[in-house]
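# Structure at a glance
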Amino acid sequence: MTINPVLIKSSFAALEPHGPEVAAYFYRHLFEHNPGVRSLFAEHLGEQQDRLWSALGALVTHLEDTETVVGLLQELGRRHAGYGALPAHFPAVGASLLAALRHFAGEEWTPETEASWTAVYGVVAETMGQALAETSG
Ligand code: HEM
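Small disclaimer: the values here were computed from a predicted structure and weren't measured.

Parameters and conventions
Residues numbered from 1 in each chain as written. Predicted model: local features only at pLDDT ≥ 70, side-chain atom pairs only at ≥ 80, totals over all residues. Heavy atoms only, no water. Helix = DSSP H or I, 4+ residues; strand = E, 2+ residues; numbered from the N terminus. Rg over C-alpha atoms; globule rule 2.2 N^0.38 Å. Buried < 20%, exposed > 50% of the residue type's maximum accessible area, 1.4 Å probe, protein only. Contact = heavy atoms within 4.5 Å. Areas by Shrake-Rupley, 256 points an atom, 1.4 Å probe, with all protein chains shown as cover. Lys, Arg positive; Asp, Glu negative; His and termini not counted. Charge placed at Lys NZ, Arg CZ, Asp CG, Glu CD. Phe/Tyr/Trp six-rings, centres within 6.5 Å; stacked < 30°, edge-to-face > 60°. Salt bridge = Lys/Arg side-chain N within 4 Å of Asp/Glu carboxyl O.

## Regarding the overall build of the protein chain
Across its full length, the protein chain carries six helices and zero strands. The globule rule puts the C-alpha radius of gyration for 137 residues at 14 Å, and the 14 Å found for the protein chain is close to it. Counting across all 137 residues of the protein chain, residues that qualify as buried make up 36%. When contacts within the protein chain are restricted to residue pairs at least 6 apart in sequence, long-range pairs at least 24 apart make up 78% of them. Counting only carbon and sulfur atoms, one obtains 57% of the accessible surface of the protein chain, whose full area is about 7600 Å². Here the protein chain holds 7 positive side-chain charges and 16 negative ones, and the gap between their average locations is 7 Å.

Here is the structure:
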């Protein structure tokens, strides 16, 4: 399945008013299913939740501008080397992100939307993971 930018943008627009709740749900889900990664994060997640949400917003905004998206993801991936993130964490993070988006999207969420977000996350994980692995050496 390839990425359908129209579906990504419309579902993200529907989620936009719930940004902080979606991000909070994402972290709750991630830590519940992967308690081992909790210690990588600061105790208070408030600011972190906002940053995650604006990073996703930037990706969606620039979705069709491959050069910009790849640049953003490579920078983000390099910074994650300093947070103790590992390429092996990406599937768990993707599962929690999809769970959070699905939970709040309501009727906007169709099998096509899910497939499209899965494809987006595949690009995110691949590009960030590669930059992370190169930085970690
Ligand atoms: C969709 C993929 C991801 C996105 C969009 C994302 C986004 C972000 C953003 C925007 C920040 C704030 C700092 C900065 O901009 O450099 C951050 C921090 C962080 N991320 Fe991610 N991230 C992703 C995947 C991951 C993965 C796979 C891990 C592995 C556990 C991870 C762990 C962390 C940690 C530990 C921090 C620092 C938090 C703190 O200082 O408390 N992230 N992430």
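Moving on, there is more to tell.
## Looking at the packing of aromatic side chains
Counted by the stated rule, this structure contains seven aromatic pairs. Ring plane angle 20° and centroid distance 4.8 Å describe the contact between Phe12 and Trp53, whose orientation is recorded as stacked. Of this pair, Phe12 sits in helix α1 (residues 5-15) while Trp53 sits in helix α3 (residues 46-61), placing them 41 residues apart in sequence. Of the two residues, Phe12 and Trp53, neither departs from the other in class, the shared state being buried. Pairing Tyr27 with Phe31 gives two aromatic rings, centres 5.9 Å apart and planes at 35°, and the pair type is tilted. Of the two residues, Tyr27 and Phe31 are both situated in helix α2 (residues 19-33); the distance of four residues between them amounts to about one turn of the helix. Neither Tyr27 nor Phe31 differs from the other in exposure class; each is buried. Every member of this aromatic cluster is reached through a ring pair, and the members are Phe26, Tyr27, Phe31 and Phe41.

## A short note on the pattern of salt bridges
Enumeration according to the criterion identifies four salt bridges in this entry. Across the pair Lys9 and Glu64 runs a salt bridge whose closest N-O atoms are separated by 3.7 Å. Of the two residues, Lys9 sits in helix α1 while Glu64 sits in the loop between α3 and α4 (66-81), which places them 55 residues apart along the sequence. A relative accessible area of 30% means that Lys9 is categorised as partly exposed. In this structure, Glu114 engages Arg102 in a salt bridge whose closest nitrogen and oxygen atoms are separated by 3.0 Å. Here Glu114 is found in helix α6 (residues 111-136), whereas its partner Arg102 is found in helix α5 (residues 90-105), with 12 residues between them in sequence. We classify Glu114 as partly exposed; its relative accessible area is 25%.

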